[in-house]
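# Observations on chain architecture
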Amino acid sequence: MIASPLALRAAVAALLALVAAAAAPGAARAQAIRLSAAVPWYARHETTPVVITAGGVDAQGVVVEARCGDDVGRATIDVSATTTTRTTVLVPASIGYLGSCSASVRWRDPGDVERVATAPFRGKEGASVIVVDPPADLDDTSEYRLAGVTIADLPDRWQGYPTSLALVVDGAAAARLSAAQREAIARFTVAGGRLFTSGDDASLRAAGALPTAHADDRQLAVRAALDDLDSRSQSDELPSLGVPGTNVVPVGGFLVLVLLFAVLAGPLNLWWVIKRRRRRALFLVTTPLLSFATCLLLIGFNLASEGLDAKRVATQLTWLDSARHEAFTWDALTLYTAFGESELRAPAEANVRATLETYDLSEGEYIDADVISAVDSGRRVTWSGAEQILGGGWVPARRSAHLVVATPRAERRRLLVHPAGSAGFELENGLDVALADITWIDGGGTEWVAAGAGPGERVPLTLYGPRRTRLAPSDVVRAGPGAERAWRRAQEPLHVRATLAAPLTPLPGPSAEDVEPTAAVLIGPLAPTTAEATP
């Protein structure tokens, strides 16, 4: 008996399906991305780094998602079969999440198979001093604030280094860091992070790092970092983070509307329905209509009293390193919007941090436990090329949200100090913004001042006297502990500070009405020029 052509085709199709099914698991395994991840440290209210290592196949545009609690960071990476891809995915800071974070990492293989891995927490709960590439005999059991991290687990993005931590790096370890890791640590120090070095730290200094202190050996550097934690203090001047005019409820207007509703829905409604219309069934119509109209009036009054436009109070502090043609800017923005912001955009190199309404001196953080659950609704950051896209509860509706956006950048504009006759000095303003209240500290600790300098103007500096210790003004404190440490660093010799007539760079975030004029402050290192160095 000869089988029909249709039966033969069906048999062949079934055989091919069996072969494909048998080969599928092996094929999937052959295309699986080998991925491992780790969380080197976790600091509450600061960005959490998830260091990811991937390889095994050639795959471009692999979306990797790292999650810590309800907060999510996403990035796109290219994976190679011949080399190892190493990247740091940054998860936005969570205000309400407690304890350390063992992140979960998700991605899809080239076969579109979803994979999940756990990024274990490598650090130690409560550690504040991190030793890079720790020695085998590091005694971190007797000191709860001390922990070690290997070079392999060290982030290569500066935003992954919380300014609440102190970093200890020996010269031998610094020499083995990648260029990206050294640059990240350098930017971390400019942002107000504390770095304690030992041995030959020339490679870190060449990258622009500003060590807090240097010791002869690692043990002394660790001791200095621990002592610094014990001695540090925040400013006693507490900043106001609310937007003026939005923190007071218009009780009088609401009370008038409520009383009006009570009169209309009560005596007048009774009189009209029973005395005039003599139809009690109308209560089923008039009372809901009066209630609905009153609700609309309450909503309208609230919108009219607070407005529909976004309101803002802003401060900008800029660290300008004229010799390196680099700048670092802290933008402290307090925003109040009627409907919230579903999406924000910022440069990829920026660190965006959301804080709340009360300054807690004991932690050096902004936190208000009564509103954590209402505000901390799961933040998302998608790292895409030259920008990051922020979604979730960054700017909630009808509540003041305080954002600090810290951004490093190249900057060709600069200030210059020139020696003048009779051992005096002149300051040249190479910015396109006017300066006021200028103070420059010479190498001997003496202050020189000038009332102001317009764009392109060269003004003489007047001898003022010995350097004085100056507390950070409230405008600087609003930008957080890192900015406050940078301000204190600018009180040292060969540094300058001044008030800017306008922000040096445009303010990030949504457009908004400035309730108060933006406070703009400039600080940074500034050494006098020589005849050869003068352009």
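Scroll up for the structure.
Residues numbered from 1 in each chain as written. Predicted model: local features only at pLDDT ≥ 70, side-chain atom pairs only at ≥ 80, totals over all residues. Heavy atoms only, no water.

Before going further, it helps to examine the sheet that holds strand β11 (residues 194–198). Taking strand neighbours across the sheet as the criterion, the five strands line up as β9-β8-β10-β11-β12 in an open arrangement whose pairing is parallel. Every other strand in the sheet has two partners, leaving β9 (146–149) and β12 (213–215) as the edge strands with one partner each. For this sheet the average axis-to-axis angle between neighbouring strands, irrespective of direction, equals 25°. Direction of pairing for strand β8 (residues 129–132) relative to β9: parallel, over a ladder of four bridges. Its bridge partner being in β9, Val 132 is matched across the sheet by Val 149. (Pairing = 2+ DSSP bridges. Helix = DSSP H or I, 4+ residues; strand = E, 2+ residues; numbered from the N terminus. Axes fitted to C-alpha atoms, helices over the stretch in contact; angles between N-to-C directions.)

This paragraph deals with the nonpolar core. The nonpolar side chains of a soluble globular protein tend to be buried, and buried together. Ile 33, Val 50, Ile 52, Val 62, Val 105, Trp 107 and Trp 394 are the most contacted members of the largest nonpolar core, which totals 44 residues. Here this core gets five residues from one element, more than from any other, and that element is strand β3 (residues 59–68). Judged by nonpolar contacts, the second largest core, of 42 residues, contains Leu 167, Val 169, Ala 479 and Ala 486. (Core = buried A, V, L, I, M, F, W, Y, C linked by side-chain atoms within 4.5 Å. Buried < 20%, exposed > 50% of the residue type's maximum accessible area, 1.4 Å probe, protein only.)

Turning our eyes to something else, we now look at the packing of aromatic side chains. On inspection of all chains with the given rule, the structure shows six aromatic pairs. Ring centres of Tyr 161 and Phe 188 lie 5.6 Å apart, and the angle between their planes is 40°; on these two criteria the pair is classed as tilted. Taken together, the positions of Tyr 161 in the loop between β9 and β10 (166–170) and Phe 188 in helix α3 (residues 179–190) put the pair 27 residues apart, joining distant regions of the chain. Here Tyr 161 falls in the buried class, since its relative accessible area comes to 4%. In this structure Phe 188 comes out as buried when scored by relative accessible area, which is 2%. Pairwise contacts between aromatic rings join Trp 41, Tyr 161 and Phe 188 into one cluster. Seen from the ring of Trp 383, Arg 157 lies directly overhead, with NZ or CZ sitting 4.9 Å from the centre. Across the ring face of Trp 319, the terminal group of Arg 489 is positioned such that the distance to the ring centre comes to 4.4 Å. (Phe/Tyr/Trp six-rings, centres within 6.5 Å; stacked < 30°, edge-to-face > 60°. Lys NZ or Arg CZ within 6 Å of the ring centre and 35° of its normal.)

With that out of the way, let us pick up empty space enclosed by the protein. A full pass over the atoms with the stated rule returns seven cavities of 30 Å³ or more. Within this model, the largest cavity holds a volume of roughly 240 Å³. Along its surface, the largest cavity is lined by 20 residues, and Glu 46, Thr 163, Asn 351, Arg 353 and Val 404 are the ones closest to its centre. Elements represented by at least two residues in the lining of the largest cavity include exactly β16 (351–355), β21 (401–410) and α10 (481–489). (1 Å grid on protein atoms, 1.4 Å probe; cavity = no way out; pocket = protein on both sides within 12 Å on 5 of 7 lines; lining within 4 Å. Points joined across faces, edges and corners; volume = space filled by probe spheres on them.)

This part takes up the side chain of Asn 351. Summarising the element assignment, Asn 351 is placed in strand β16. Take Asn 351: its relative accessible area is 17%, and that puts it in the buried class. Within the local environment of Asn 351, its side chain forms a polar contact with the side chain of Thr 47, the two groups lying 3.0 Å apart. Beyond its immediate stretch of four places on either side in the chain, Asn 351 contacts Thr 47, Trp 158, Gln 159, Val 404, Val 405 and Ala 406. (Polar contact = N/O pair within 3.5 Å; in protein donor to acceptor, adjacent residues only side chain to side chain. Contact = heavy atoms within 4.5 Å.)

Turning our attention to the sheet that holds strand β2 (residues 48–55). One open sheet accounts for three strands, arranged β1-β2-β5; its pairing is antiparallel. Here the strands that pair on one side only, and so sit at the sheet edges, are β1 (34–38) and β5 (85–91). Taken pair by pair, the neighbouring strands of this sheet meet at an average axis angle of 25°, ignoring direction. Sheet topology places β2 next to β5; seven bridges connect them, and they run antiparallel. Residue pairing in the sheet places Thr 48 in a bridge with Val 91 of β5.

Before going further, it helps to spend a moment on the pattern of salt bridges. Within the structure shown, the criterion is met by 23 salt bridges. A salt bridge links Arg 458 to Glu 426, with the nearest nitrogen and oxygen atoms 2.8 Å apart. Here the residue Arg 458 occupies a position in strand β26 (residues 458–466), and Glu 426 occupies one in strand β23 (residues 424–429), the gap between them amounting to 32 residues. Among the residues examined, Glu 426 registers a relative accessible area of 25% and is labelled partly exposed. With its nearest N and O atoms 3.7 Å apart, the salt bridge here joins Glu 484 to Arg 488. (Salt bridge = Lys/Arg side-chain N within 4 Å of Asp/Glu carboxyl O.)

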